[in-house]
Amino acid sequence: MRARVIRVGTLLLATAGTLAAGAGLALHYTGIPVEPLVLAASGAPYLMGGAVLGVAGFAAVRHWVGAGAAAVVAVVAVVSQAPLFIADGSGGDGLPVTVMQANLLFDGADPAAFVELVRAREVAVLTVNELTRAAVTELGRAGLDELLPHRYLAPGQTASGTGIWSRYPLSETIEYDGFVLNQISATATVPEVGAVSVYAIHPVPPIYDTGVWADELARLTAIIDRAPDGRPVVVGGDFNATHDHTRFRAMTAGRYADAGAQAGAGRLVTYPTDKRIPPVVGIDHVLLAGAHATAVQTVDLPGADHRALVARIVLHLP
């Protein structure tokens with residue numbers, strides 16, 4: 001009797017794990033713009049992990065059909081996540097620079113710690129979200145403008161503000177209308193390379209309105225796709241979307257590559273950092289065209305609710 005109970009319990013656990021993994025795959029590949037499903041898609045990799053429980057459980061009780069089905073689900077799950085862990089091998093000669101993306105939680109991030117991070121990492125191009133006017137002032141006092149003397153800023157109240165700081169002169173500055181939060185771009189003139197398009201973007205989170213979230217991601221995709229050909233492009237931002245959202249992957253389906261995936265850096269979780277649990281989702285990204293990433297990592301940002309993203313990239317020469 002006891003052996004039967006153990007067998008039934010193991011089968012139930014294995015079935016539940018396999019179904020959870022299947023649900024994770026469905027969330028990864030379907031992209032239905034309904035808020036609970038969009039939010040759940042952020043946790044798709046955790047659900048996919050249930051396939052391991054499925055394979056182990058079914059194999060333990062020698063239920064080979066179940067084990068085979070769970071193994072298929074596990075393989076598809078690995079395929080869905082593998083691009084994040086395997087460097088694409090792109091390269092070529094160029095100019096190495098460091099790019100950083102940071103969400104400051106309004107003016108919550110510690111200005112001195114933030115500026116020291118920029119200095120220590122030798123950041124040349126910085127994109128910032130949730131930039132308030134008070135934060136601009138405090139960052140200036142902490143020495144950011146000395147490190148990165150060129151800037152184009154659209155600060156705002158609470159989450160709306162966005163900014164670009166650069167070691168290189170900026171021109172052709174644009175703020176894009178029709179978005180809830182501020183979306184901006186500029187052209188950096190980089191020695192040896194020439195013009196480099198830089199975008200700092202921040203679509204609304206899906207909890208604001210899933211339809212607006214989906215529309216903003218689509219329109220931002222169209223905006224960056226219009227960047228002039230023949231020059232490098234750097235897009236930094238809090239995308240409020242992960243690799244497991246189809247709308248984010250659509251942004252990297254053409255000329256752009258996600259820097260983290262390009263470098264094979266794995267799952268770079270950046271949010272949240274102000275809870276009792278560690279960060280669980282990666283919603284901050286750097287996208288590249290005409291450049292390639294050699295290393296990408298997350299770093300702590302005291303006072304903020306995101307980890308910053310630091311990407312070592314090579315800008316392709318003309």
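Before any of the text, the structure's been laid out above.
In short, a report on the structure. Quantities reported herein were computed from a predicted structural model and do not represent experimental measurements.

1. Notes on the overall build of the chain
Each helix and strand in the chain was counted, giving 11 helices and 12 strands. The C-alpha radius of gyration of the chain comes to 21 Å, within 12% of the 20 Å expected for a compact globule of 318 residues. The principal-axis extent of the C-alpha atoms belonging to the chain is close to 75 × 40 × 35 Å. Out of the 318 residues belonging to the chain, those deemed buried represent 51%. Considering only contacts within the chain whose residues lie at least 6 apart along the sequence, 69% involve residues at least 24 apart.

2. Quick notes on the pattern of salt bridges
The tally for this structure, following the rule as stated, stands at 8 salt bridges. Of the charged contacts in the structure, one is a salt bridge between Arg151 and Asp145, with a shortest N-O distance of 3.3 Å. Taking the relative accessible area as the measure of exposure, Asp145 reaches 27% and is therefore partly exposed. Across the salt bridge formed by Lys275 and Asp274, the nearest N and O atoms sit 3.5 Å from each other. Take Lys275: its relative accessible area is 48%, and that puts it in the partly exposed class.

3. Some details on the packing of aromatic side chains
Using the criterion set out here, one finds 2 aromatic pairs in the structure. Look at Tyr176 and Tyr199: their rings are 6.5 Å apart centre to centre, the planes differ by 20°, and that puts the pair in the stacked class. With Tyr176 in strand β5 (residues 170-176) and Tyr199 in strand β7 (residues 194-201), this pair connects stretches of sequence that are 23 residues apart. Exposure remark for Tyr176: the relative accessible area of 17% places this residue in the buried category. Classification of Tyr199 by relative accessible area gives buried; the value is 6%.

4. Things to note about the environment of Leu19
Mapped onto the elements, Leu19 comes out in helix α1 (residues 2-30). A C-alpha to C-alpha distance of 7.8 Å links Leu19 and Gly50, two positions 31 residues apart in sequence.

5. Comments concerning the sheet that holds strand β9 (residues 257-258)
Judged by pairing direction, the sheet is mixed, and its 6 strands sit side by side in the order β5-β6-β7-β8-β10-β9 without closing on themselves. Edge positions in the sheet fall to β5 and β9, since each has one partner strand and no second. Judged from the 5 bridges that link them, β7 and strand β8 (residues 233-238) form a sheet pairing that is parallel. Looking across to β8, one finds that Val198 is bridged to Val234. Where helix α9 (residues 210-225) meets the sheet, its contacts fall on β5, β6 (183-190), β7, β8 and β10 (284-289), and the angle it forms with β7 comes to roughly 175°.

6. Some points on α1
Across its 29 residues, α1 extends 42 Å between first and last C-alpha, which sits within 8% of the 42 Å expected from 1.5 Å per residue. Along α1, the positions that sit buried rather than exposed are Thr10, Leu11, Ala14, Gly17, Thr18, Ala21, Gly24, Leu25, Leu27 and His28. Close packing links the buried residues of α1 with α2 (35-41), α3 (44-48), α4 (50-60), α5 (64-81) and α10 (246-251). Backbone geometry just after α1 places Gly31 at a positive phi near 70°.

7. Some words on the layout of surface pockets
If you add up the space inside the largest pocket, you get close to 430 Å³. Partitioned by chemical class, the residues of the lining of the largest pocket number 14 nonpolar, 6 polar and 3 charged.

8. Some thoughts on the sheet that holds strand β4 (residues 162-166)
Sheet architecture is open: 6 strands sit in the order β3-β4-β2-β1-β12-β11, paired in mixed fashion. Of all the strands in the sheet, the pair left with one neighbour each is β3 (150-154) and β11 (291-299). Recorded for the sheet is a direction-independent mean angle of 15° between the axes of neighbouring strands. In this structure, β3 lies alongside β4, joined through 5 bridges in antiparallel fashion. Opposite His150, over in β4, you have Ser166 as the bridge partner. Of the strands in this sheet, β1 (94-103), β2 (125-129), β11 and β12 (308-316) touch helix α6 (residues 111-120), which is tilted by about 165° from β1.

9. Structural notes on the packing of α1 against α4
For the pair α1 and α4, the least separation of the axes is 7 Å and the interaxial angle reads 150°. Between α1 and α4, the angle is such that the two are roughly antiparallel. Both α1 and α4 take part in a crossing whose hand is left-handed. For the pair formed by α1 and α4, the contact residues are Thr10, Leu11, Leu13, Ala14, Thr15, Gly17, Thr18 and Ala21 on the first element and Gly50, Ala51, Leu53, Gly54, Gly57 and Phe58 on the second. Among the residues making up the contact of α1 with α4, the classes are represented as 7 nonpolar, 7 polar and no charged.

Cut-offs and rules
- Residues numbered from 1 in each chain as written.
- Predicted model: local features only at pLDDT ≥ 70, side-chain atom pairs only at ≥ 80, totals over all residues.
- Heavy atoms only, no water.
- Helix = DSSP H or I, 4+ residues; strand = E, 2+ residues; numbered from the N terminus.
- Rg over C-alpha atoms; globule rule 2.2 N^0.38 Å.
- Buried < 20%, exposed > 50% of the residue type's maximum accessible area, 1.4 Å probe, protein only.
- Contact = heavy atoms within 4.5 Å.
- Salt bridge = Lys/Arg side-chain N within 4 Å of Asp/Glu carboxyl O.
- Phe/Tyr/Trp six-rings, centres within 6.5 Å; stacked < 30°, edge-to-face > 60°.
- Pairing = 2+ DSSP bridges.
- Axes fitted to C-alpha atoms, helices over the stretch in contact; angles between N-to-C directions.
- Expected span 1.5 Å × (residues − 1).
- 1 Å grid on protein atoms, 1.4 Å probe; cavity = no way out; pocket = protein on both sides within 12 Å on 5 of 7 lines; lining within 4 Å.
- Points joined across faces, edges and corners; volume = space filled by probe spheres on them.
- Nonpolar A, V, L, I, M, F, W, Y, C, P; charged D, E, K, R; others polar.
- Parallel < 35°, antiparallel > 145°, perpendicular 65-115°, else oblique.
- Left-handed = near helix turned anticlockwise from the far one by under 90°.

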